[in-house]
Amino acid sequence: MKPCKQAYKQVRPNSDEIFKGFGFRHLSDATQYYVHPNNQSYKGTTTLCQPIGEAVMLLTDYISGIFSGENIGDILSDDSGNTVCLDITVPRDWLASGVTDAYSYRGYIDSTSMIRIGAYDKNGRLIESSSNSLTECYKLLPVLMLLLARLILTDDGYCSAFLSFAASPDAESFVGLHEDFYQHFKNDEFLIDHRDISFPKSAVNSFSEKYRTISENEKALKQRQENVTIVPFENGTFSEEYLPLVPDLKEEFVLPKNLASVCNAVVSGDVTAVLLHGPAGTGKTMSCKLICREINMPVMETVNCTENLDEFVLGKYLPDGDRIVFRESYVTAAIRYGGAVIFEEINFARPQYLAFLNSLLDDNGFVRLDSGEIVRRHKNFRFFATMNIGYYGTRELNQALYNRFNAIIELAELSDEAISRMLTARVPECAEHCDKLISVYHKLKAKISAEELDMVISPRSIENWARLAKFEGYIAAAEKTIIPIAKCDRAAEDAIRGMIRLYKWQ
C-alpha cells in the first residue's frame with residue numbers, strides 16, 4: 001500500500017482536527033502557506049491530512065523532549081540511515097485527546113519495502129490485531145513516523161528544517177514539513193506487518209544521544225552569547241574631531257547577539273579586519289555600524305565598491321591656488337589616526353583597486369600614497385568589509401586578501417522579529433499587515449530556492465512594498481515593488497500575484 005495516499009483517506013472518528021496542528025483539520029487548504037514545486041493537484045493547492053500532520057507533531061514532541069531533557073523514547077538507525085527503528089512512548093495528552101489507543105509504539109523499516117510496527121497497551125503488551133487494517137489502534141501513525149524519521153536521517157535539509165521547527169513551532173513551517181514529506185513519499189509502496197517488535201542488530205546509532213549533545217552545545221553557546229558584556233574603547237582613544245562619526249542609529253537596529261564577542265575582539269586588537277557575508281537584506285553594513293556604535297568607534301568612511309572605489313581611494317592630487325597638492329581621503333585618515341572603514345560589496349571591486357589592502361592588512365600594515373609617503377597602520381585602525389556570494393557581477397575574492405581577515409562571519413537571514421521591528425518602526429501604517437507581509441516574503445524565498453529562480457527578494461523589498469501601499473493599497477503597490485522581482489517572467493509574475501491575492505489586505 002501507499003501510506004501517504006492512504007493518509008488522505010483516513011480520519012479519526014472522534015475529531016477531524018489535527019492534534020496540536022495549529023487549528024488545521026483533515027483536508028484543510030493550506031495553499032497560502034506553501035506550494036511544493038512538484039505539486040500535481042488539479043488546482044495547484046496544498047491540502048493537509050490528519051495522519052501526516054499528527055505524525056509530524058508527535059515526532060516533534062519527541063525531538064522537543066530531547067531539547068528539554070524529557071525522554072519519551074528513541075530513534076535508532078544503521079550507518080546509512082535506511083534502517084530505522086522507532087521506540088516511542090505516547091505522551092499522556094495524546095492519549096487523553098483520543099488520538100490513539102496505544103500507550104507506546106515500536107517499529108522498524110529497513111532497505112526492503114517492509115515496515116513492521118507494534119502497538120502496545122499500558123502494561124507493555126502487544127495490542128492484538130484482528131486485521132491488517134491501519135485504522136485499528138491508529139496504526140498508520142507509527143508507519144508515517146518511521147518514514148519521517150528516515151527522511152530526517154537521510155536528508156540534511158529536511159533534518160535542519162525539522163529541528164528548527166521542533167525548537168520553535170509555527171504554522172508555516174508545519175505546512176512545509178507536511179507537504180515536503182508527502183511529496184517525497186507519495187508514490188512509495190510498502191508492505192506493513194503488525195507484530196511484536198525486536199530491533200535488528202545493525203540499528204546502533206541513537207538519534208536522542210546525537211541530538212542531545214547538539215542541544216547541550218547550542219544551549220551553552222546561547223548562554224555564553226547572552227552573558228557577553230561589551231567593553232568599548234576608552235574615552236580619548238579617538239580624536240574629538242572624529243567622534244561625531246560614531247554611528248548614531250535608530251532604536252529598531254539591534255546588534256545580533258553572536259556579534260557581541262566580536263566587539264570585544266575588535267577593541268582588544270585581536271581582530272582588526274572583519275568580513276561579513278550573506279544574502280541581500282541581512283543587514284551586513286548595518287551590522288558593521290552596530291559593532292562600531294557599541295564600541296564607540298568612528299566610521300571614517302563607507303565605500304560602496306560598486307560605485308566609489310577607484311584608484312583615488314587613498315587620496316588624490318587637487319589644485320590649491322597656484323599649486324597641486326595631495327589631499328588624503330578619509331580612508332587614509334583612518335589608517336593614519338585610527339577609526340573604522342567599511343567597504344561594501346567588496347567582491348564587486350576591480351582587483352587592482354584592492355591591491356593596497358594586502359599590505360594594509362598584513363602584520364606590519366602600511367600603505368604607500370601616490371605622494372610617495374608611506375603611512376603605517378595605526379593600532380586602532382579597523383577594516384570592515386561586506387559581500388554577497390554568487391550574485392551577478394561579483395568576483396571571487398583574491399585568496400591572499402581573503403586570508404587577511406581575522407574574522408569571516410556569515411550573517412543569517414533576519415529573524416521575523418527583526419523584520420517586524422524594522423517594518424513597524426519605518427512604516428507604522430503596516431503594523432496590522434506585518435504578519436502577512438512576512439509570510440509573503442517567506443513564500444517567495446521558498447519558491448525562489450525550490451525552483452532555482454533568478455530572482456532576489458529581501459526585507460528591503462517588503463519595506464518598499466509597505467511604503468507604497470500607504471498610497472495605493474497592497475495589491476496595487478505589489479505591482480511596482482514585488483512583481484518586478486520576476487524580471488518579466490510572466491509565469492512567475494502570475495504565481496506571485498496569486499500568492500499575494502490569497503491574503504485579505506483591506
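For the structure itself, look to the data block above.
All chains use their own residue numbering, which begins from 1 and follows the written sequence. Whole-chain, interface and lining totals are the exception, using all residues; otherwise, since this is a predicted model, local features are given only for residues with pLDDT of at least 70 and side-chain atom pairs are given and counted only at 80 or more. Computation of side-chain values: all heavy atoms of the structure, hydrogens and water removed.

A. Region of interest: the sheet that holds strand 3 (residues 104–109). Pairing within the open sheet is mixed, and its six strands lie in the order 5-4-3-2-1-6. Where the open sheet ends on each side, the last strands, each with one partner, are strand 5 (191–194) and strand 6 (205–206). Should DSSP find at least two bridges between two strands, the strands are taken to pair. Note on conventions: DSSP H or I runs of at least 4 residues are helices, E runs of at least 2 residues are strands, and numbering of each starts at the N terminus. Sheet analysis places strand 2 (residues 84–89) next to strand 3, joined by six bridges and oriented antiparallel. The partner of L86 across the bridge, within strand 3, is G107.

B. Representation of the packing of helix 5 (residues 156–167) against helix 6 (residues 171–185). Note on method: axes are straight lines fitted to C-alpha atoms, helices fitted across the in-contact stretch only, with angles between N-to-C directions ranging 0 to 180 degrees. Between helix 5 and helix 6, the least distance of the axes is 10 Å, while the angle of their chain directions is 145°. Regarding helix 5 and helix 6, the two cross each other, and that crossing is left-handed. Of the residues in helix 6, those in contact with Y158, A161, F162 and F165 of helix 5 are S173, F174, L177, D180 and F181. Grouping the constituent residues of the contact of helix 5 with helix 6 by class yields seven nonpolar, one polar and one charged. Left-handed describes a crossing in which the near helix is turned anticlockwise from the far one by less than a right angle; the clockwise case is right-handed. Whether two residues are in contact is decided by their heavy atoms: any pair within 4.5 Å suffices. Note on residue categories: nonpolar means Ala, Val, Leu, Ile, Met, Phe, Trp, Tyr, Cys or Pro, charged means Asp, Glu, Lys or Arg, and polar means any other residue, Gly included.

C. Just the environment of S28, in detail. Its location among the elements puts S28 in the loop between helix 1 (3–7) and helix 2 (50–68). Once the C-alpha coordinates of S28 and C49 are considered, the two residues, 21 residues apart in sequence, prove to be 7.2 Å apart. Residues in contact with S28, not counting those within four places in the same chain, are T46, T47 and L48.

D. Region of the structure containing helix 8 (residues 260–268). Taken together, the buried positions of helix 8 are A260, V262, C263, A265, V266 and V267. Where helix 8 is buried, its residues meet strand 7 (273–277), helix 9 (284–294), strand 14 (381–387) and strand 15 (407–410). Positioned one or two residues after helix 8, G269 has a phi angle of 90°, which is positive. Summary of the burial criterion: residues with accessible area below 20% of their type's maximum are buried, those above 50% are exposed, and those between are partly exposed, where the area comes from a 1.4 Å probe applied to protein chains only.

E. Layout of the pattern of salt bridges. The term salt bridge refers to a pairing of a side-chain nitrogen on Lys or Arg with a carboxyl oxygen on Asp or Glu at a separation within 4 Å. In this structure the tally under the stated criterion is 24 salt bridges. As a salt-bridge pair, E373 and R336 come within 3.0 Å of each other at their nearest N and O atoms. Of the two residues, E373 sits in the loop between strand 12 (366–368) and strand 13 (374–376) while R336 sits in helix 10 (residues 330–337), which places them 37 residues apart along the sequence. E373 gets classed as partly exposed once you look at its relative accessible area, which sits at 34%. Salt bridges linked by common partners bring E479, R490, E493, D494 and R497 together as one network.

F. Helix 2, seen in detail. Given a rise of 1.5 Å per residue, 19 residues ought to cover 27 Å, and the 26 Å separating the end C-alpha atoms of helix 2 matches this to within 8%. Note on helix 2: the residue one or two positions beyond its end, G69, has a positive phi of about 95°. Given a helix with a known number of residues, its expected span is that number minus one, times 1.5 Å.

G. Summary view of the packing of helix 2 against helix 4 (residues 140–154). Packing of helix 2 against helix 4 leaves a shortest axis separation of 9 Å and a crossing angle of 60°. Between helix 2 and helix 4 the crossing geometry is right-handed. Here P51, I52, E54, A55, V56, L58, L59 and I63 of helix 2 come into contact with helix 4, specifically with L140, L141, L144, M145, L148, A149 and I152. Of the residues belonging to the contact of helix 2 with helix 4, the class tally is 14 nonpolar, no polar and one charged.

H. Molecular detail of the pairing of strand 3. Among the six residues of strand 3, five are classified as buried, and the element is accordingly described as predominantly covered. Sheet topology places strand 3 next to strand 4 (residues 114–120); six bridges connect them, and they run antiparallel. Directly across from Y108, in strand 4, lies its bridge partner R116.

Shape is all these values report; function is a separate question.
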